[in-house]
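A structural walkthrough
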Amino acid sequence: MGDDKRFAAVVALAQGMAAAHTPRESWRAAALGACRALDGSFGALSVWERELGRLRVLVNVGERRPDEEEFPEAESYPVHQFPEITEFLHERWAGGGEPNAWVETAEGTAAGTPGYHHHRVAALRRRGRGCCLVAPVVLHGRAWGELYVARAAGAPVFGRADADFATVLAAVVAAGIAQTERLEEARRLAFTDALTGLANRRAVDVRLEEAVERHRADGAVVSLVVCDLNGLKRVNDTLGHAVGDRLLERFGSVLSLCGAMVPGALAARLGGDEFCLLAVGPPADEVVKAADELCRRAAELELGEGVACGVASTEDAIGPVPSARRLFRLADAAQYRAKAMRADRPVVAGREGPDDPVVRLADEPTPERAEYGERRRFRGRRPPGADREAKHTDR
């Protein structure tokens, strides 16, 4: 391959990784770009998980065998099978050398000096490949993983020039991975509550819109739990905001624990003393059960005064849910009713008969409606039936 073609291949690889929106897309772009640049038939990208002592495959591309998934969940190899990662490469860097790529063939080492590694050679033979290039990926001065490109048996064997080019490609891949990690961290921070580590309001808004769209498209059950941590103001006023923050963190941990009872549920802090759980798919009763457990555990916290919890699910008798706004209003109204009743169990919208008071409260016409977050409109008002039903139930 001429210099112009190699330059074009490097540019294409970099552009492919830059255009990726997720880590998986970035990994795939890296492996595909390297495979094409080196005229390979198969490519893979793996990460060295130091704490587990293993090389884990992130992506396989090209001519894959039946046992090679594109994004394998459990394809990993003990690092001792590939000692060059921990021995040769480390010693070479420590001595001021470079992490150069090398070639292995079905008969043994062809270019480079790491030596003959029978596990790689055996894998080449088993999968009908004639040779492979192994290029270390170095990130922030440390071995991150490896880029692997193979050719089918009978194809020309990689040479020294190919190994040198693979070293360049690995450096481009490392730069792309670093950029992806920075973007992922930025996205994580944008959708994470800094105090509790839970998702934030922005994350809920995005996920809830997507969930309701899915409900409208295929009828998926969408359930939303909105809860208000009681007693936070008292704690802040009497013990200080640092103690109040500890209460919020502790409740966030309880919410996360209870949310884990519902597969795929998103636990979030909406702001202040307001939290929520969002679930897509599981039956409403599973979500209500998790909310009930949340109320029980919140009541046992050393600080605070329990939690007021409201639930709204498309599986219950709440009428059509054409928008995320309506489901949020229903869960919010249910939470307000739970707070007004001083209930120690969740209030579920649509489960109090055809004239459900929560549904009436949520759907009551008002000129003050806003996008979600309408509980301030409910403040200071008594929900339907509050005067005759107010109570506190001992568990």
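The structure displayed is predicted, hence computed values, not measured ones.

Moving on, we come to the overall build of the protein chain. Within the protein chain, the regular secondary structure consists of 13 helices and 12 strands. For the protein chain, with 395 residues in total, the buried portion stands at 51%. Taking the intrachain contacts of the protein chain between residues at least 6 apart in sequence as the baseline, contacts between residues at least 24 apart amount to 65%. Counting every atom, the protein chain has about 18,800 Å² of accessible surface; 52% of that belongs to carbon and sulfur.

What follows deals with the side chain of arginine 127. Secondary-structure assignment places arginine 127 in the loop between helix 4 (118–126) and strand 6 (129–139). Of the polar contacts made by the side chain of arginine 127, one reaches the side chain of aspartate 67; its length is 3.3 Å. Separated by 3.3 Å, the side chains of arginine 127 and glutamate 68 make a polar contact. Excluding residues that lie within four positions of it along the chain, arginine 127 makes contacts with Arg65, Asp67, Glu68, Glu75 and Tyr77.

Under the criterion given, the structure shown has 26 salt bridges. The partner of arginine 296 in a salt bridge is glutamate 293, with the nearest N and O atoms 2.6 Å apart. Taken together, the positions of arginine 296 and glutamate 293, both in helix 9 (residues 284–299) and 3 residues apart, correspond to about one turn of that helix. You can call arginine 296 partly exposed: its relative accessible area is 29%.

Our next topic: the pairing of strand 6. Within strand 6, 10 of the 11 residues are buried, which leaves the element mostly enclosed by the surrounding structure. With 4 bridges joining them, strand 4 (residues 102–105) and strand 6 adopt antiparallel strand pairing. Among the inter-strand pairings, threonine 105 is bridged to a residue of strand 6, identified as cysteine 131. Sheet analysis places strand 6 next to strand 7 (residues 142–152), joined by 10 bridges and oriented antiparallel. Note on strand 7: the bridge partner recorded for valine 134 is tyrosine 148. Two successive antiparallel strands, strand 6 and strand 7, enclose a turn made up of 2 residues, where histidine 140 displays a positive phi of approximately 55 degrees.

Quick look at the side chain of aspartate 193 now. Relative to the assigned elements, aspartate 193 resides in the loop between helix 5 (160–190) and helix 6 (201–218). Take aspartate 193: its relative accessible area is 13%, and that puts it in the buried class. One polar contact links aspartate 193 to threonine 196, side chain to side chain, over a distance of 2.7 Å. With near-sequence residues (within four places) excluded, aspartate 193 lies in contact with Leu198, Ala199, Asn200 and Arg269.

To continue, consider the environment of leucine 58. Note on placement: leucine 58 falls in strand 2 (residues 54–62). Its relative accessible area of 4% is what places leucine 58 among the buried residues. Once the C-alpha coordinates of leucine 58 and glycine 145 are considered, the two residues, 87 residues apart in sequence, prove to be 10.0 Å apart. Once you skip the residues sitting within four places of it in the chain, leucine 58 turns out to touch Trp27, Leu45, Ser46, Val47, Glu70, Phe71, Pro72 and Trp144.

Grouped together as the largest cluster of nonpolar side chains are 38 residues, with contacts concentrated most on Leu45, Val137, Leu169 and Val173. When contributions to this core are tallied by element, the ones reaching two or more residues are helix 1 (3–18), helix 2 (23–37), strand 1 (42–49), strand 2, strand 6, strand 7 and helix 5. Beyond its immediate chain neighbours, meaning those up to four positions away, valine 137 contacts Leu45, Arg142, Ala143, Trp144, Gly145, Glu146, Leu147, Ala170, Val173, Ala174 and Ile177. If you look at the next biggest cluster of nonpolar residues, it comprises 33 residues, including Ala199, Ala308, Phe328 and Leu330.

All right, on to the packing of aromatic side chains then. Applying the stated rule across the entire model yields 2 aromatic pairs. Where phenylalanine 42 meets tyrosine 148, the ring centres are 6.2 Å apart and the plane angle is 75 degrees; that geometry is what we call edge-to-face. Of the two residues, phenylalanine 42 is situated in strand 1 and tyrosine 148 in strand 7; the sequence distance between them amounts to 106 residues. On the basis of relative accessible area, phenylalanine 42 is assigned to the buried category, the value being 3%. Since its relative accessible area comes to 13%, tyrosine 148 is described here as buried. Summarising the aromatic geometry, the rings of phenylalanine 251 and phenylalanine 275 are spaced 4.9 Å apart at their centres and angled 75 degrees between planes, so their arrangement reads as edge-to-face.

Moving on, we get to helix 6. In this model, helix 6 (18 residues) spans 25 Å end to end at C-alpha, consistent with the 26 Å of a helix rising 1.5 Å per residue. Considered for burial, the residues of helix 6 that qualify are Ala203, Val204, Leu208, Ala211, Val212 and His215. Along the long axis of helix 6, the arc covered by the buried residues comes to 150 degrees, so they all point the same way. Among the exposed residues of helix 6, those pointing more than 90 degrees away from its buried face are Arg216 and Ala217. For helix 6, the elements touching its buried residues are strand 8 (222–229), strand 9 (266–271), strand 10 (274–280) and helix 10 (324–340). Capping the start of helix 6 is the job of one residue whose side-chain oxygen sits 3.2 Å from the backbone nitrogen of arginine 202: asparagine 200. Just downstream of helix 6 lies glycine 219, where phi reads positive at about 80 degrees.

Quick notes on the rules
- Each chain carries its own residue numbering, running from 1 in the written order of its sequence.
- In keeping with the predicted nature of the model, local features appear solely for residues at pLDDT of at least 70, side-chain atom pairs appear and are counted solely at 80 or more, and the whole-chain, interface and lining totals rest on all residues.
- Side-chain descriptors were evaluated using all non-hydrogen atoms of the structure, hydrogens and water having been removed beforehand.
- Put simply, DSSP marks the helices as runs of H or I at least four residues long and the strands as runs of E at least two long, and each gets a number from the N terminus on.
- The classification of residues rests on relative accessible area computed with a 1.4 Å probe and restricted to protein chains. Under 20% of the type maximum is buried, over 50% is exposed, and intermediate values are partly exposed.
- Contacts: residue pairs with any heavy atoms within 4.5 Å of one another.
- Accessibility throughout is a Shrake-Rupley quantity obtained with a 1.4 Å probe, and a residue counts as covered only by protein chains that appear here.
- Pairs of N or O atoms are called polar contacts if they sit within 3.5 Å, as long as, within protein, a hydrogen donor faces a hydrogen acceptor (for residues adjacent in sequence, only side-chain-to-side-chain pairs).
- Counted as salt bridges are all cases of a side-chain nitrogen of Lys or Arg within 4 Å of a carboxyl oxygen of Asp or Glu.
- Pairing between strands is defined by DSSP: at least two bridges between them are needed.
- Here the nonpolar core consists of buried residues drawn from Ala, Val, Leu, Ile, Met, Phe, Trp, Tyr and Cys, with membership extended through side-chain atoms lying within 4.5 Å.
- For Phe, Tyr and Trp, rings pair up if their centres lie within 6.5 Å, where Trp contributes its six-membered ring, and each pair is then called stacked (planes under 30 degrees apart), edge-to-face (over 60) or tilted (otherwise).
- Every helix has an expected span of 1.5 Å times one less than the residues it contains.
- The directions from the helix axis to the C-beta atoms are what the arc is built from.

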